[in-house]
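Residue-level structure breakdown
Residues per chain, in single letters:
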Amino acid sequence: ATADIGVTGLAVMGSNLARNFARHGYTVALHNRTTARTTALVDAHGDEGSFVATETPEEFVAALKRPRRLLVMVKAGDPTDAVIREFAPLLEEGDVIIDGGNAHFEDTRRRERQLREQGIHFVGTGVSGGEEGALNGPSIMPGGSPHSYESLGPMLEKIAAKADDGAPCTTHIGPDGAGHFVKMVHNGIEYADMQLIAEAYHLLRAIGGYDPQQISEIFRTWNTGRLDSYLIEITAEVLAHTDAATGKPFVDVVADQAEQKGTGRWTVQIALDLGVPVSGIAEAVFARALSGHADLRAASRGLPGPQAKALKGEAAATFADQVEQALYASKIVSYTQGFHQIQAGSDAYGWDIDLGRIASIWRGGCIIRAAFLDHITAAYEGRPDLPSLLSDQRFAEEIGAAQDDWRAVVAAAAHGGVPAPGFSAALAYYDALRAERLPAALTQAQRDFFGAHTYRRADREGVFHTLWGGDRSEVDAG
Ligand code: NBP
């Protein structure tokens, strides 16, 4: 046995991760259900490092040094279970199976539990950065036992992206499903970031009166400031692109129906279970869903509403600055909500996740990489028990300074009839948190009225019920 690690599942992600390991000096055993993929990889890239191509699961396992490290990069769901069923009987105590697919964290918890009984470490691992990241350095979010990280961590740290300060974009996230949970929320935040950027574009076009080329320039400028991020950068590229067939802006020839694979939806489903208000992520998932209802949209197109009037000159430029403020403020809210969800997951499952470390490993390699994440890391380093990102002085001051423009943009969207669910939901969240009193008091009173659900009083301890159907006197319901 000569291989330091083995990769089974050699589609784009598995192939690129295998090459990444090999380029860092590791000997990599290769396996794929269909051998043609293994052969193709060795033919095309065999000279990049040391590979051991294998055909059968037995050969593959035999090629691995002990404790064996076996990275599974197959389609998430049943294929992952099939691969585990195939390989687990061939492994021994202390060996490590790493699942780098986009698994649901509950599946990861189940698999970890089952394999633990056999003495096998199961490391559910989030990998972000797409195929390019897999090859050149992804952000890696491994869960599993701390023991497994001792042998695996140094290898992951080698192949991971490096942040600007040189730190590797990986860390041990926490036990069992913690890695996949954090990857899931990462993707949820990614949905929210993308939705906010899309709304900024829409507003700049419909109300600002800018064309895609000009908006590309605006994004390019934003990318040199506090919004500096991969998603802003690629947005500028997309908006500057012209369709070769028609000569039109590319964004105008793409069908306006956004698809999704499921991690954003999972984030919202789990947030509902945990009772965490991730309204920005939810709006982003629903915005994609709404866009896909072509028939409903066609049937609704004639509904009355204002026609947004485009601003000109100085007024348009001022509006663009306001949109930048609204985007930044809404982004702070998205991350506040996402980190709240990670904290809630960590509490519910006993993962003890270090939120500052999470922000720090998202600084490179992944889709939401952004300069902004440095400030989140600093916020949690300064105060590990920070109740919310909005409690951090820097973020509180920034959002405070942005709020007038943010409100102006949300108002302009409403007046102009331009949907801005992400901006609006973020602002509503901010104002709800700030509120001295919420109308939840009325909601709870209604619940007591129709269902005798009882209520607590703001002025004294206890649980009460009002006899709504009788003399409306209050009784002690404690
Ligand atoms: P795919 O998700 O397209 O999966 C293809 C691989 O799964 C092939 O190697 C295929 O083998 C194997 N496979 C299947 Br399908 N069913 C199998 C089974 N029953 N037994 C054994 N192998 C089976 O590949 P991918 O796009 O490279 O993604 C791999 C994983 O990484 C997925 O879980 C994905 O969600 C995750 N991920 C993807 C990205 C991305 O940007 N694409 C990013 C981060 C994570 P075959 O060749 O024999 O058909």
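Above this text you will find the structure in question.
Computed from a prediction, not measured in an experiment: that's the story for all the values here.

1. What about the overall build of the protein chain?
Within the protein chain one finds 20 helices and nine strands. Over its C-alpha atoms the protein chain spans a radius of gyration of 25 Å, differing by no more than 12% from the 23 Å that the globule rule assigns to 478 residues. If you line up the protein chain on its principal axes, its C-alpha atoms span 75 × 70 × 45 Å. When burial is assessed residue by residue, the protein chain has 49% of its 478 residues classed as buried. Within the protein chain, residue pairs in contact and separated by at least 24 positions form 67% of the contacts whose partners lie at least 6 positions apart. With the model as given, the accessible surface of the protein chain reaches about 22,200 Å², and the carbon-plus-sulfur share is 52%. Looking at charge distribution, the protein chain has the averaged site of its 43 positive side-chain charges lying 3 Å from that of its 62 negative ones.

2. Notes on the pattern of salt bridges
Scanning all chains against the criterion turns up 28 salt bridges. Two residues, Lys331 and Asp193, come together in a salt bridge whose shortest N-O distance is 3.4 Å. Of the two residues, Lys331 is situated in helix α15 (residues 313-349) and Asp193 in helix α8 (residues 178-206); the sequence distance between them amounts to 138 residues. Across this residue pair, the class does not change: Lys331 and Asp193 are buried. Of the charged contacts, one joins Glu474 and Arg460 as a salt bridge, the two residues approaching to 3.2 Å between their closest N and O atoms. Of the two residues, Glu474 is situated in strand β9 (residues 474-476) and Arg460 in the loop between α20 (440-451) and β8 (464-466); the sequence distance between them amounts to 14 residues. Arg460 gets classed as partly exposed once you look at its relative accessible area, which sits at 43%. Among the ionic contacts, a cluster of salt bridges with common partners joins Asp81, Asp99, Asp107, Arg110 and Arg111.

3. Here's the deal with the site of the ligand
The immediate surroundings of the ligand are formed by 20 residues, with Met13, Asn32, Arg33, Thr34 and Arg37 found nearest. Contacts to the ligand include Arg37, whose side-chain N or O atom sits 2.6 Å from an oxygen atom. Mapped onto the shell around the ligand, the elements with two or more residues apiece are α1 (12-23) and α4 (78-87). Broken down by element, the shell around the ligand gets its largest block of residues, three residues, from α4. Tallied by class, the residues present in the shell around the ligand amount to eleven nonpolar, six polar and three charged.

4. With respect to the side chain of Ser128
Here Ser128 lies in strand β6 (residues 121-128). At 3.5 Å, the side chain of Ser128 forms a polar contact with the backbone nitrogen of Ile367. Not counting chain neighbours up to four residues away, the residues in contact with Ser128 comprise Pro138, Ser139, Met141, Lys183, His186, Gly365, Cys366 and Ile367.

5. Remarks on the pairing of strand β2 (residues 28-31)
Residues Val28 and Leu30 point to one face of β2 and Ala29 and His31 to the other, with burial holding for every one of them. Pairing between strand β1 (residues 5-8) and β2: four bridges, direction parallel. Pairing of Val7 across the sheet is with Leu30, part of β2. Crossover handedness for the path β2 to helix α2 (residues 35-45) to strand β3 (residues 51-53): right-handed.

6. Observations regarding the packing of α1 against helix α7 (residues 146-159)
In a pair of packed helices, the angle between the axes and the distance between the axes together describe the arrangement. Between α1 and α7, the least distance of the axes is 9 Å, while the angle of their chain directions is 100°. With respect to each other, α1 and α7 are oriented roughly perpendicular. Contacts between α1 and α7 involve Leu17, Asn20 and Phe21 on the former and, on the latter, Met155, Leu156 and Ile159. When grouped by side-chain class, the residues that make up the contact of α1 with α7 number five nonpolar, one polar and no charged.

7. What to know about the pairing of strand β4 (residues 69-72)
Alternating residues of β4 divide into Arg69 and Leu71 and Leu70 and Val72, and every residue in both groups is buried. As judged from the three bridges shared by β1 and β4, these two strands associate in the parallel manner. For Thr8, the partnering residue across the bridge sits in β4 and is Val72. As paired strands, β4 and strand β5 (residues 96-99) are joined by four bridges and run parallel to one another. In the strand pairing of β5, Leu71 is matched with Ile98.

8. Let's talk about helix α5 (residues 105-117)
With 13 residues, α5 extends 19 Å from end C-alpha to end C-alpha; this agrees with the ideal 18 Å at 1.5 Å per step. Along α5, the residues that are buried comprise Phe105, Thr108, Arg109, Arg111, Glu112 and Leu115. As for α5, its buried residues are in contact with α4, β5, β6, α8, α12 (263-274) and α15. Just downstream of α5, Gly119 is the residue with a positive phi angle, here 80°.

9. Quick look at the nonpolar core
Residues Phe219, Trp362, Ile376, Trp406 and Phe423 are the most contacted members of the largest nonpolar core, which totals 87 residues. Apart from residues lying up to four places away in sequence, Trp362 is in contact with Ser139, Met141, Val182, His186, Ile189, Phe339, Ile342, Ile368, Arg369, Ala370 and Leu373. Counting 24 residues, the second-largest nonpolar core is a separate cluster that includes Ile5, Val123, Met155 and Ile159.

Thresholds applied
Residues numbered from 1 in each chain as written. Predicted model: local features only at pLDDT ≥ 70, side-chain atom pairs only at ≥ 80, totals over all residues. Heavy atoms only, no water. Helix = DSSP H or I, 4+ residues; strand = E, 2+ residues; numbered from the N terminus. Rg over C-alpha atoms; globule rule 2.2 N^0.38 Å. Buried < 20%, exposed > 50% of the residue type's maximum accessible area, 1.4 Å probe, protein only. Contact = heavy atoms within 4.5 Å. Areas by Shrake-Rupley, 256 points an atom, 1.4 Å probe, with all protein chains shown as cover. Lys, Arg positive; Asp, Glu negative; His and termini not counted. Charge placed at Lys NZ, Arg CZ, Asp CG, Glu CD. Salt bridge = Lys/Arg side-chain N within 4 Å of Asp/Glu carboxyl O. Near = heavy atom within 4 Å. Polar contact = N/O pair within 3.5 Å; in protein donor to acceptor, adjacent residues only side chain to side chain. Nonpolar A, V, L, I, M, F, W, Y, C, P; charged D, E, K, R; others polar. Pairing = 2+ DSSP bridges. Right-handed = clockwise from strand over helix to strand, strands pointing away. Axes fitted to C-alpha atoms, helices over the stretch in contact; angles between N-to-C directions. Parallel < 35°, antiparallel > 145°, perpendicular 65-115°, else oblique. Expected span 1.5 Å × (residues − 1). Core = buried A, V, L, I, M, F, W, Y, C linked by side-chain atoms within 4.5 Å.

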